[in-house]
Amino acid sequence: MSDVPDLPSDGLAAFVAAAIPVFTQWVPVTPARTLGRLGAPDEADLRSPGTHVVRGTADSEPACLTALRALGPLLVERLLGALELVVAGHDWSGAPSLVVDLPGLAPGGYAWVATGGHDSEATSAAALLERLHPGLADRTVALATGIAAHPAVTRLLTIPPAVTDEPAIAARHGAAHLGLAVAVAGAVVDQVAPPVVVERAAAIVGLGAGAAALLLRDGSMPPAYAAALLAKVRADYLLPRGMYGSVSVAGNRFGLTEYEVVGQADFAGNGLVAVTDGGAVIRTGVAQGSVHVELAVLAQAPAEVESGWEEIVEVSWPAAEGRASVIAPDGTSSPSLRRQTPPWPGDYRVRVHARGRDDLDTEFERYKLIVWAAPAAAETVHQRTDRLGHRLRGEPEPVRPPRPEHAYRWVRRSPLSVAATVTVVIGTTLEQTLRAFGADPNRPEPIDGIRRDLSSPGAIETWVTALDTGDAVLVVEDNGHRGSNAAVLCAASASGRAASMFWNVNAVTRLSFADGGQLLASFEPWGREEAVPPQVAAALAGLDFAEPGDRTEKGLVAVERFTGCGITTDDVALIFETGIGFRVPRALSRSARFNSQGNRTDSPPSAPQEAGRPDVR
């Protein structure tokens with residue numbers, strides 16, 4: 001106990017050894033298991049308490065208190081509830097003197113402590129006691145760390161050979177170290193004799209839990225734990241499984257590997273993937289950044305080769321241990337992509353899909369890796385169409401005309417990226433278009449004010465913005481969908497044409513076309529559209545909506561083709577810089593009818609008129 005001067009370790013060890021069984025029998029299994037896994041590798045499930053996000057702690061706060069907060073208030077409260085009575089009734093008088101050199105609060109002095117509203121009572125009590133006796137938390141940790149190595153205590157921390165499964169080992173490991181730390185904390189707190197403002201049992205449990213968390217986090221797992229964890233991972237492993245995430249790229253590469261991404265790899269053979277020790281390295285188009293990756297692990301080879309990818313190559317690799325990760329060259333990875341391949345050694349097959357490598361833009365570069373167990377076999381190339389692959393293979397680059405949907409990729413980086421509807425109307429005026437949407441063109445308002453009003457609970461209105469470009473009227477709805485309404489499109493197109501594209505955060509889309517007051521087609525574009533009128537078919541020609549990616553952009557191309565006018569990034573910038581919007585009071589009926597001026601010709605049901613505002617139809 002190097003940090004504690006002249007303390008009788010044998011006397012403290014005897015006291016702690018006698019107290020450990022008293023406390024461990026009261027520790028609940030679930031929090032004990034969570035504590036016991038703090039020093040485990042990341043295969044153990046630590047998503048429950050023990051990974052609590054700590055905010056607002058002082059830089060000078062002792063590590064013990066920071067570790068206590070990181071456990072989370074629910075776990076700490078459960079420990080306090082389980083141990084409070086036994087701690088309060090325990091006889092602490094047998095411990096040797098442990099705190100004679102610690103400073104206390106000066107006569108007439110005072111201490112303050114700031115606690116969050118969601119802190120456990122044990123956390124608050126421990127923090128207050130540390131303020132009254134600075135160094136108390138560090139002393140508790142130093143004593144617990146030192147005494148843990150004493151033979152009289154070590155034998156009580158050893159897991160019996162009969163305990164072999166991972167949950168039981170973790171629970172025994174956590175409970176024993178918590179019992180040790182609570183025994184030390186109880187002796188320390190008893191000897192400083194805190195004032196009545198400090199709840200002693202809560203302070204003891206708080207300091208003990210914080211000290212135990214540090215011991216367990218920084219210490220070694222029991223020798224039998226690794227084998228038990230592997231057995232648990234294998235028993236829990238199910239197929240098929242699918243994961244999504246992103247991975248950092250450096251040096252034009254990332255890997256699917258059990259170890260680390262090698263610095264050099266030869267991609268001249270297939271232009272996409274190279275087998276290395278423990279896995280494979282994938283060649284990217286971007287030199288650095290973060291790319292999206294989908295990982296699928298199957299019980300057998302996929303029945304078909306997927307379409308919509310520019311490069312597809314399949315290779316074998318021998319796994320020494322299993323549990324390979326999609327990782328960056330620096331070893332980092334999304335948690336969802338870490339240690340996901342089967343947890344057994346053997347031969348595996350990986351089919352690597354890539355698209356967007358020629359764009360040199362991380363927003364549009366995509367990968368899919370499909371893994372399954374299979375005997376080693378020769379490399380198979382299913383698709384080889386991008387320019388990068390041809391260059392790497394030493395082949396002449398193909399001539400690839402630009403795809404029309406790429407002209408709308410700016411949408412991904414615009415205010416409309418998440419959810420919006422864009423409607424383009426020709427053959428009418430701005431005023432008529434706004435009326436078709438149910439807005440009053442005579443009542444423009446600042447967008448900020450509309451957003452503020454509509455963010456309040458119970459708001460039932462929506463809103464639109466619009467721009468007259470001279471050739472067309474553009475209506476933009478940020479997170480709205482009025483432009484996909486059949487009645488609105490019929491009204492807007494009464495003297496011309498209208499088309500709209502809707503998309504939202506849930507990947508729901510809708511593409512709609514109207515001409516001369518009639519709805520021609522409205523559907524979710526997935527490449528399986530039924531027969532559509534010739535003018536709509538012309539707008540869709542050559543746009544493969546069944547192919548993954550760029551669905552919103554393809555829809556906007558179809559809108560532009562149908563109306564002869566598109567929307568540009570400058571249009572959107574001008575709309576939001578102008579900052580003018582129009583409220584739309586309520587939804588319109590799909591059966592509503594309109595004349596060529598955009599006015600309703602049916603008899604809509606009456607609705608209560610909003611106070612101070614005309615009943616706009």
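Each value, and the rule that gives it
- Sequence order as written defines the numbering, with residues in each chain counted from 1.
- For this predicted model, a pLDDT threshold of at least 70 governs which residues receive local features, and a threshold of 80 or more governs which side-chain atom pairs are given and counted, while totals over whole chains, interfaces and linings are taken from all residues.
- With hydrogens and water excluded, all non-hydrogen atoms of the structure serve as input to the side-chain values.
- Scored from 0 to 100, pLDDT records how confident the predictor is in each individual residue.
- Only heavy atoms enter the contact rule, under which two residues are in contact if any of them lie within 4.5 Å.
- Pairs of strands are assigned from DSSP output, requiring at least two bridges between the strands.
- Under the DSSP-based scheme used, a helix requires at least four consecutive residues in state H or I and a strand at least two consecutive residues in state E, with every element numbered from the N terminus.
- Axis definition: a line fit to C-alpha positions, over the contact stretch in the case of helices; interaxial angles, taken between N-to-C directions, run 0 to 180 degrees.
- With respect to orientation, any angle under 35 degrees is reported as roughly parallel, any angle over 145 as roughly antiparallel, any angle of 65 to 115 as roughly perpendicular, and every other angle as oblique.
- Two helices crossing with the near one rotated counterclockwise from the far one by less than a right angle form a left-handed crossing, whereas a clockwise rotation gives a right-handed crossing.
- Classification used: nonpolar for Ala, Val, Leu, Ile, Met, Phe, Trp, Tyr, Cys and Pro, charged for Asp, Glu, Lys and Arg, polar for all others including Gly.
- The rule is short: rings of Phe, Tyr and Trp, with Trp giving its six-membered ring, pair when the centres are within 6.5 Å, and they are stacked under 30 degrees, edge-to-face over 60, tilted in between.
- Whether a charge sits over a ring comes down to the Lys NZ or Arg CZ being within 6 Å of the ring centre and within 35 degrees of the ring normal.
- The classification of residues rests on relative accessible area computed with a 1.4 Å probe and restricted to protein chains. Under 20% of the type maximum is buried, over 50% is exposed, and intermediate values are partly exposed.
- Whenever a carboxyl oxygen of Asp or Glu lies within 4 Å of a side-chain nitrogen of Lys or Arg, that contact is scored as a salt bridge.
- In this context, the arc is that of the directions from the helix axis out to the C-beta atoms.

**Q** I'd like a rundown of the confidence of the model for the protein, residues and numbers included.
**A** Looking at the protein, pLDDT values average 89 and 88% of them are 70 or higher. Predicted confidence is poor over residues 45–51, with pLDDT under 50, and the contacts of this stretch with residues over four places away or in other chains come to 12 contacts. This model gives residues 589–600 a pLDDT under 50, and the stretch forms 29 contacts once residues within four places in sequence are excluded.

**Q** Hey, could you go over the sheet that holds strand β17 (residues 518–523) for me, with residue numbers and the actual values?
**A** The antiparallel open sheet is built from eight strands, whose spatial order is β12-β18-β13-β14-β11-β15-β16-β17. Unpaired on one side and paired on the other, β12 (445–446) and β17 mark the two borders of the sheet. Looking at chain direction, strand β11 (residues 420–426) and strand β14 (residues 473–478) are connected through six bridges and run antiparallel. Its bridge partner lying in β14, Thr421 is registered against Glu477. Here helix α16 (residues 551–563) sits on the sheet in contact with β11, β15 (497–503), β16 (509–515) and β17, set at roughly 175° to β15. Along the sheet face, helix α17 (residues 569–578) touches β13 (462–468), β14 and β18 (580–584) and points at about 120° away from the line of β13.

**Q** Break down the packing of helix α8 (residues 166–192) against helix α9 (residues 200–218) for me, with residues and values.
**A** Contact geometry for α8 and α9: axes closest at 7 Å, N-to-C directions at 135°. In terms of axis orientation, α8 runs oblique to α9. Where α8 crosses over α9, the two elements pack in a sense that is right-handed. In this structure, α8 contributes His173, Gly174, His177, Leu178, Leu180, Ala181, Val182, Ala185, Gly186, Val189 and Asp190 to the contact, and α9 contributes Arg200, Ile204, Leu207, Gly208, Ala209, Ala211, Ala212, Leu215 and Leu216. Of the residues in the contact of α8 with α9, the class split is 13 nonpolar, five polar and two charged.

**Q** Break down the packing of aromatic side chains for me, citing the residues and quoting the values.
**A** Tallied over the full model, the rule gives eight aromatic pairs. Ring pairing ties together the aromatic residues Phe15, Phe23 and Trp92, which thus form one cluster. The ring centre of Phe562 lies 4.2 Å from the NZ or CZ of Arg497, which sits over that ring. Note that Arg551 overlies the ring of Trp526, its terminal NZ or CZ placed 3.7 Å from the centroid.

**Q** Just give me the short version of the pairing of β13, but keep the residues and values in it.
**A** Burial within β13 is extensive, with five of its seven residues counted as buried. For β13 and β14, the ladder comprises four bridges, and the chain directions are antiparallel. When the bridges of β14 are listed, Asp468 appears paired with Val473. As consecutive antiparallel partners, β13 and β14 are separated by four residues, and within that stretch Gly470 has a phi angle of approximately 100°, a positive value.

**Q** Account for the pattern of salt bridges, naming residues and giving values.
**A** Taken as a whole, this structure holds 32 salt bridges when the rule is applied. Residue Glu547 is joined to Arg403 by a salt bridge in which the shortest nitrogen-to-oxygen separation is 2.3 Å. Taken together, the residues Glu547 in the loop between α15 (534–540) and α16 and Arg403 in the loop between α11 (387–392) and β11 connect sequence positions 144 residues apart. Look at Arg403 and you get partly exposed, because its relative accessible area is 29%. Across the salt bridge formed by Arg412 and Glu553, the nearest N and O atoms sit 2.8 Å from each other. Of this pair, Arg412 sits in the loop between α11 and β11 while Glu553 sits in helix α16, placing them 141 residues apart in sequence. When its relative accessible area of 1% is taken as the criterion, Glu553 is described as buried. Among the ionic contacts, a cluster of salt bridges with common partners joins Asp359, Glu363, Arg409, Arg412, Asp550 and Glu553.

**Q** Describe in detail the sheet that holds strand β8 (residues 346–355), supporting the description with residues and values.
**A** Spatial ordering of the open sheet is given by β1-β5-β9-β8-β6-β10, a layout of six strands whose pairing is mixed. Here the strands that pair on one side only, and so sit at the sheet edges, are β1 (241–250) and β10 (380–384). When the angles between neighbouring strand axes are averaged without regard to direction, this sheet yields 25°. Bridging between strand β6 (residues 311–319) and β8 involves nine bridges; their strand directions are antiparallel. Residue pairing for β8: Val313 is matched across the bridge by Val352.

**Q** With reference to specific residues and values, describe helix α13 (residues 447–454).
**A** Each α-helix turn comprises 3.6 residues. Residues three or four places apart therefore point the same way. Burial in α13 covers these residues: Ile447, Gly449, Ile450 and Leu454. Down the axis of α13, the smallest arc covering the buried residues is 165°, so these residues share one side. The exposed residues of α13 that point more than 90 degrees off its buried face are Asp448 and Arg452. For α13, the elements touching its buried residues are β12, β13, α17 and β18.

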